[in-house]
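Residue-level structural notes
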Amino acid sequence: MQTLVDEIRAQGIILPGGFLKVDGLVNHQLLPALTREMGQHFARHFAPLSPSKILTIEVSGIAPALATAMELGIPMVYARKKKPLTMKEPAYTAQSVSRTKGGTVDLFVSSEFLGAGDRVVIIDDFLASGGTVRSLTGIIGQSGATLLGLGCVIEKEFEGGRDKLADLKIPIHTLANIVRMSEAEGIVVEAGR
Ligand SMILES: O=P(O)(O)OC[C@H]1O[C@H](OP(=O)(O)OP(=O)(O)O)[C@H](O)[C@@H]1O
Ligand SMILES: O=c1[nH]c(=O)c2nc[nH]c2[nH]1
């Protein structure tokens, strides 16, 4: 997605520890036209699989996931990182490591909104090590739903998440790919795959 690649080139900042700051378009401020285009790309890609539900994780996955769900006209469910008292039992749960905040978090999805009949596409903002997606597959497994595919806005190829998730045997689609980044070379970014 060329507009996303251009924005990453314009706004992306390399942080220590191999982190890319894109707070101006994905993780703090959101750009409506760009977010809508992300949803259109994912919807075009995954519509042939006839998903019944989009699944994501709070907080930064919500915007692209909702944009995709709006294009497809299907519900979007986000895993919560704290169980609210309104959440009906039983809830599906898994542990995940927060990459940007550190530490382990528990994820919760209510059995009210994910079940055996569901055909799920996961949408998230970053695909890095693949750990978060792996946690979401645990939740999908508990629900009995079927995982059809994965879409992530930005892939960090150098963290190897795509290869680590190969056993899932699902299509993985990303909109921009960070091949590598360093102070010397800057952000080497290309269209997703
Ligand atoms: O492939 P991984 O190595 O798991 O990294 C990707 C995950 O890391 C971030 O989550 P984080 O909890 O740090 O941030 P957020 O609260 O902004 O969603 C991002 O939103 C992805 O969910
Ligand atoms: O803002 C972010 N920048 C990153 O490099 C990253 N990797 C995983 N999750 C991330 N979030």
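Residues numbered from 1 in each chain as written. Chains lettered and ligands numbered in written order. Predicted model: local features only at pLDDT ≥ 70, side-chain atom pairs only at ≥ 80, totals over all residues.

1. As for the UniProt feature "binding site: xanthine" (unreviewed entry) in the protein chain
As recorded in UniProt, the sites labelled "binding site: xanthine" (unreviewed entry) are Leu20, Asn27 and Lys156. Here Asn27 lies in helix H2 (residues 23–27). The class for Asn27 is partly exposed, based on 16 C-beta atoms found within 10 Å. Residue position: Lys156 is located in strand S8 (residues 146–156). Among the residues examined, Lys156 registers 23 C-beta atoms within 10 Å and is labelled buried. Among all residues touching Lys156, those that are not within four sequence positions of it are Phe126, Ala128 and Ile178. (UniProt positions renumbered as here; feature names shortened; annotations may be inferred. Helix = DSSP H or I, 4+ residues; strand = E, 2+ residues; numbered from the N terminus. Buried ≥ 20, exposed ≤ 12 C-beta atoms within 10 Å, placed from the backbone. Contact = placed C-beta atoms within 7 Å.)

2. Considering the packing of helix H3 (residues 32–46) against helix H4 (residues 62–72)
Between H3 and H4, whose axes approach to 7 Å, the crossing angle comes to 60 degrees. Here H3 lies oblique to H4, going by the angle between them. The element H3 and its partner H4 pack so that their crossing is right-handed. On H4, the residues that touch Thr35, Arg36, Met38, Gly39, Gln40, Phe42 and Ala43 of H3 are Ala63, Pro64, Ala67, Thr68, Met70, Glu71 and Leu72. Of the residues in the contact of H3 with H4, the class split is eight nonpolar, four polar and two charged. (Axes fitted to C-alpha atoms, helices over the stretch in contact; angles between N-to-C directions. Parallel < 35°, antiparallel > 145°, perpendicular 65-115°, else oblique. Left-handed = near helix turned anticlockwise from the far one by under 90°. Nonpolar A, V, L, I, M, F, W, Y, C, P; charged D, E, K, R; others polar.)

3. Observations concerning the site of ligand 2
Looking at ligand 2, the residues that line it are Phe19, Leu20, Asn27, Arg99, Thr100, Phe126, Ala128 and Lys156. Split into classes, the residues belonging to the shell around ligand 2 amount to four nonpolar, two polar and two charged. (Near = placed C-beta within 6 Å.)

4. What about the sheet that holds S8?
Neighbouring strands of a sheet are bound in pairs by backbone hydrogen bonds; such pairs are parallel or else antiparallel. Here we have six strands laid out as an open sheet, ordered S4-S3-S7-S8-S9-S10, and mixed in their pairing. Sheet topology places strand S4 (76–79) and strand S10 (186–191) at the edges, where each strand pairs with a single neighbour. Averaged over all adjacent pairs, the angle separating strand axes in this sheet is 25 degrees, with direction ignored. Two elements, strand S3 (residues 53–57) and S4, share four bridges in a ladder whose sense is parallel. Within S4, the position partnered with Leu55 by the bridge is Val77. Most of the contacts of H3 go to S8, to which it runs at about 145 degrees, and overall it touches strand S7 (119–127), S8 and strand S9 (172–182). (Pairing = 2+ DSSP bridges.)

5. A short note on the site of ligand 1
Close to ligand 1 lie 19 residues, the nearest being Ser60, Thr100, Ala128, Ser129 and Thr132. For the shell around ligand 1, the leading source of residues is S7, giving four residues. Of the residues that constitute the shell around ligand 1, the class distribution is five nonpolar, 10 polar and four charged.

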